[in-house]
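Given next are the chains, with one letter for each unit.
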Amino acid sequence: MTDCVFCKIAAGEIPASVVYEDNKVIAFDDLEPQMPVHTLIIPKQHFANIGDGLPDDLMGHLFNTVKKVAEIKGINKTGYRVIVNTGDDAQQSVHHIHVHVLGGAPMNSGSPAL
């Protein structure tokens, strides 16, 4: 998609603080973090959301990358939250599937649900 900000990040057209990248996904820090660690993981190929025909192997790769990001960011031993918003009612702000990885501080009932 030519107007998708995440597609532009994946293509290197918009700079991002890249945490991890391979041939299928890219992970980068959120510009408006809700926790000390707030990293987004996206597939390089555009899919609007989790119900948009994302192939099983890519879905698995996307979620296997969560562990790598948690290790890179140093939150793998203390704990972290993984969130995927799907659609407008879930407040998905960018319609390119993305996984939020949040951590770096204790969470409580007032912690962001995104």
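For the structure itself, consult the block above.
Residues numbered from 1 in each chain as written. Predicted model: local features only at pLDDT ≥ 70, side-chain atom pairs only at ≥ 80, totals over all residues. Heavy atoms only, no water.

Examining a nonpolar patch on the surface
Residues Ile-50, Phe-63, Tyr-80 and Val-82 make up a contiguous nonpolar surface patch of about 290 Å² in total accessible area. Tracing the backbone through its elements, the reader meets Phe-63 in helix α2 (residues 56-73). (Patch = residues over 30% accessible without salt bridge, like charges linked within 9 Å, V, L, I, M, F, W, Y side chains within 5 Å. Areas by Shrake-Rupley, 256 points an atom, 1.4 Å probe, with all protein chains shown as cover. Salt bridge = Lys/Arg side-chain N within 4 Å of Asp/Glu carboxyl O. Helix = DSSP H or I, 4+ residues; strand = E, 2+ residues; numbered from the N terminus.)

Points about α2
For α2, with 18 residues, the first-to-last C-alpha span of 26 Å sits near the 26 Å given by 1.5 Å per residue. Here the buried face of α2 lies against β1 (18-21), β2 (25-29), β3 (37-43), β4 (80-83) and β5 (99-103). Looking one or two residues beyond α2, the residue adopting positive phi is Gly-74, at roughly 75°. (Expected span 1.5 Å × (residues − 1). Contact = heavy atoms within 4.5 Å.)

Topic: the sheet that holds β2
To summarise the sheet geometry, strands pair through backbone hydrogen bonds and adopt either a parallel or an antiparallel arrangement. The five strands lie next to each other as β1-β2-β3-β5-β4, forming an open sheet whose pairing is antiparallel. Every interior strand has two partners, whereas the edge strands, β1 and β4, have only one. In this sheet, neighbouring strand axes are inclined to one another by 20° on average, regardless of whether the strands run parallel or antiparallel. Across five bridges, the pairing between β3 and β5 is antiparallel. Each residue of the ladder has a partner; that of Leu-40, found in β5, is His-100. (Pairing = 2+ DSSP bridges. Axes fitted to C-alpha atoms, helices over the stretch in contact; angles between N-to-C directions.)

Some remarks on the pattern of salt bridges
Pairing is possible between side chains of opposite charge, provided their charged atoms come close. If you walk through the whole model with that rule in mind, you get three salt bridges. Put simply, Lys-44 and Glu-21 hold a salt bridge, and the shortest N to O gap is 2.8 Å. Within this pair, whereas Lys-44 is found in the loop between β3 and α2, its partner Glu-21 is found in strand β1, the two being separated by 23 residues in sequence. Judged by its relative accessible area of 43%, Glu-21 falls in the partly exposed class. Of the charged contacts, one joins Lys-67 and Glu-71 as a salt bridge, the two residues approaching to 4.0 Å between their closest N and O atoms. One end of the pair, Lys-67, and the other, Glu-71, are both in helix α2, four residues apart, so they sit about a helical turn from each other. (Buried < 20%, exposed > 50% of the residue type's maximum accessible area, 1.4 Å probe, protein only.)

Some remarks on the environment of Ile-75
Mapping Ile-75 onto the fold places it in the loop between α2 and β4. Distance in space between the C-alpha atoms of Ile-75 and Asn-23 is 24 Å, their sequence separation being 52 residues. Not counting chain neighbours up to four residues away, the residues in contact with Ile-75 comprise Val-37, Ala-70, Tyr-80, Val-101, Leu-102, Gly-103 and Gly-104.

Details of unusual backbone geometry
If you check the backbone angles, Gln-91 has positive phi at about 65° while not being a glycine. On the secondary structure map, Gln-91 appears in the loop between β4 and β5. By relative accessible area, which is 62% here, Gln-91 ends up exposed.

Regarding the environment of His-61
Tracing the sequence through the fold places His-61 in helix α2. Discounting chain neighbours no more than four positions away, the residues touching His-61 are Asp-22, Lys-24 and Val-25.

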